[in-house]
Amino acid sequence: MAAIDEELKVVKNYIVEMGFMVERAIENAIASLLNRDNEAAKEVIKKDNEINILDNEIEEECVKLIALHSPVAKDVRFITTAMKIATDLERIGDLAQDIAERAIELNEEPPLKPYIDIPRMAEGARLMLNDSLDAFVKKDAELANKVIDSDDFIDNLHQQIFRELITYMMEDSRNITRAVRITYVSKYLERIADHTTNIAEMVIFMVEGKVVRHLKN
Amino acid sequence: MEVQEVKGSIEIEVKKLNFFYTGNIMGLKNINFSVQKNSVTAFIGPSGCGKTTLLRCFNRMHDLYPGNRYEGEIIFQGENLFSKEADLINLRSRIGMVFQKPTPFPMSIFDNVAYGLKLKGIKKKSELKEKAEKALYNSALLDEVKDKLNKSAYELSGGQQQRLVIARALAVEPEVLLFDEPTSALDPISTGKIESLLVELKKIITIIIVTHNMQQAARISDWTGFLMLGELIEFDRTEKIFTIPSNKLTEDYVTGRFG
């Protein structure tokens, strides 16, 4: 076993830990919205700091690895991937925090409508995140491709939610504040799915050495 | 064996090269690749893999020991190095070599550089001076020695001696320079100077280098070949070898997970 292997394992474990925390953050943020639970929302906001700390630690560990081990080939692909994943996870954490903030605001007024597509979207995005990290750990390019393909489903849901909320706003201008806030939540979830797509694309780079980012369209 | 084809103008082409040491001991097995003109080509691999053996084929250094045998072809500017007509003295001035330890001659700095020129029959002092200074300039040594050209070469530091040896090789205006571990006896500062010198030199000559230091190959070369047990396992652009090697053996070697 090469000297670098122990250190690579540390980075991998950090990513798994951070991924787990971010996944919980999405779940809890959405739960706080659905259950109109301000306490749960505040908890999500508070915990975001722990995710940020892990982001710093991963970066520090990766910089150290690069400086001390001069990684090449699959090692350098692993480390650059880990660094980018950490950045995406940190952004997802921020978006979960944003959802929690909108939840608190929405809780101040009576519900506009029952949430149907938002939980579906959240579950889809959370699953994408889970799969993209699974693909990272298992070095599974096929699973990463599946994640990338799922992004369209989330995008379509977002468009659908947006159209529906527009009708509420047109119907009664007093709905606008709440409808815009829900649109935000939908947009945050759509962004979360985009970040997981980034993660999946980096995993493909890590496994196959192919750059698939920015190639769509 | 994954050998990437070299695009652009080719300086040297190696075809089906086999090499046997005295007693039919196979040193190189079926080596095929091309060297791009004005580039740095590096060879890496574990000890005893045949890096130096391969390097020494290019100026037929193996001929110094009887019983060594080449098979196949090395085409240098249209001519096979192994043909009977090959003129070895001429060949070695066109394809020069720099070794691991600096090998200055026991004479002045100037005479070291002018040595090859004198052998070539140049007698005119002004011409010798001009060519020697140009070589010292090209080896990034002139500034440091211009006031002491008549001092003994042994007064120079190891790194300076190595650049002096490079100047000596450059003086006879070779087309290719072979470097066998040129920095393994030098400190990091001198190593850095030699490395930037090589990158600079490829503008005027073609460079083939053998190194144990993988990071060095990664830093300065355009093409990298990985050798193992006398076989060329992979030959490709350096960035490819160090980011996405095609062969598992190459990946294991460059990432330090060999064996």
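Up top is the structure.
Residues numbered from 1 in each chain as written. Chains lettered and ligands numbered in written order. Predicted model: local features only at pLDDT ≥ 70, side-chain atom pairs only at ≥ 80, totals over all residues.

1. Topic: the sheet that holds strand β2 (residues 10-21) of chain B
Residues and elements named next belong to chain B. Spelled out, the test is: Strand pairing requires that DSSP identify at least two bridges connecting the strands. Secondary structure counts use DSSP, requiring at least four H or I residues in a row for a helix and at least two E residues in a row for a strand, with both numbered from the N terminus.
If you trace the 4 strands from one edge of the open sheet to the other, you get β3-β2-β5-β6, paired in antiparallel fashion. Edge positions in the sheet fall to β3 (25-36) and β6 (79-80), since each of these pairs with one other strand and no more. Of the strand pairs in this sheet, β2 and β3 are connected by 8 bridges, and their pairing is antiparallel. Counterpart to E13 in the pairing with β3 is S34.

2. Section: unusual backbone geometry
Residue and element names in this part refer to chain B. Note the cut-off: Burial is judged by counting the other C-beta atoms within 10 Å of a residue's own C-beta: 20 or more makes it buried, 12 or fewer makes it exposed, and any count in between marks it as partly exposed, with every C-beta position built from the backbone.
Its identity as a non-glycine residue notwithstanding, A140 has a phi of 60°, on the positive side. With respect to the helices, strands and loops of the structure, A140 is situated in the loop between α4 (125-138) and α5 (142-145). Exposure remark for A140: the 18 C-beta atoms within 10 Å place this residue in the partly exposed category. In this structure, E173 is a non-glycine residue whose phi angle is positive, near 50°. By secondary structure assignment, the location of E173 is in the loop between α6 (158-171) and β8 (176-180). What makes E173 partly exposed here is the crowd of 18 C-beta atoms within 10 Å.

3. Section: the packing of α4(B) against α6(B)
All names here are of chain B. We apply this condition: Each axis is a line fitted through C-alpha atoms, taken for helices only over the stretch in contact, and angles between the N-to-C directions span 0 to 180 degrees. Should an angle lie under 35 degrees it is considered roughly parallel, over 145 roughly antiparallel, and from 65 to 115 roughly perpendicular; all remaining angles are considered oblique. By definition, turning the near helix anticlockwise from the far helix through less than a right angle yields a left-handed crossing, and turning it clockwise yields a right-handed one. Contact criterion: two residues are in contact if their C-beta atoms, reconstructed from the backbone, are within 7 Å. Only Asp, Glu, Lys and Arg are considered charged, only Ala, Val, Leu, Ile, Met, Phe, Trp, Tyr, Cys and Pro nonpolar, and every remaining residue, Gly among them, polar.
Closest axis-to-axis distance for the α4/α6 pair is 8 Å, and the angle between their directions is 130°. It follows from the interaxial angle that α4 and α6 lie oblique. When the axes of α4 and α6 are compared, the crossing they make is right-handed. Side by side, α4 and α6 meet where K131, A132, A135, L136 and N138 of the first sit next to A167, L170 and A171 of the second. Its residues assigned to classes, the contact of α4 with α6 shows 6 nonpolar, 1 polar and 1 charged.

4. Details of the nonpolar core
All names here are of chain A. Defined as follows: Note on terminology: a nonpolar core is any set of buried Ala, Val, Leu, Ile, Met, Phe, Trp, Tyr and Cys residues joined through C-beta atoms within 7 Å.
Of all hydrophobic cores here, the largest spans 131 residues; its most connected members are A29, A82, A96, I99, A125 and V203. If you tally residues by element for this core, the top one is helix α3 (residues 73-107), at 16 residues. Ignoring sequence-local partners within four residues, the contact set of I99 consists of A29, I30, L33, V185 and Y188.

5. A short note on the interface of chain B and chain A
Counting residues at the interface gives 11 residues for chain B, matched by 10 residues for chain A. Here the residues of the side of chain B that touches chain A sort into 5 nonpolar, 4 polar and 2 charged.

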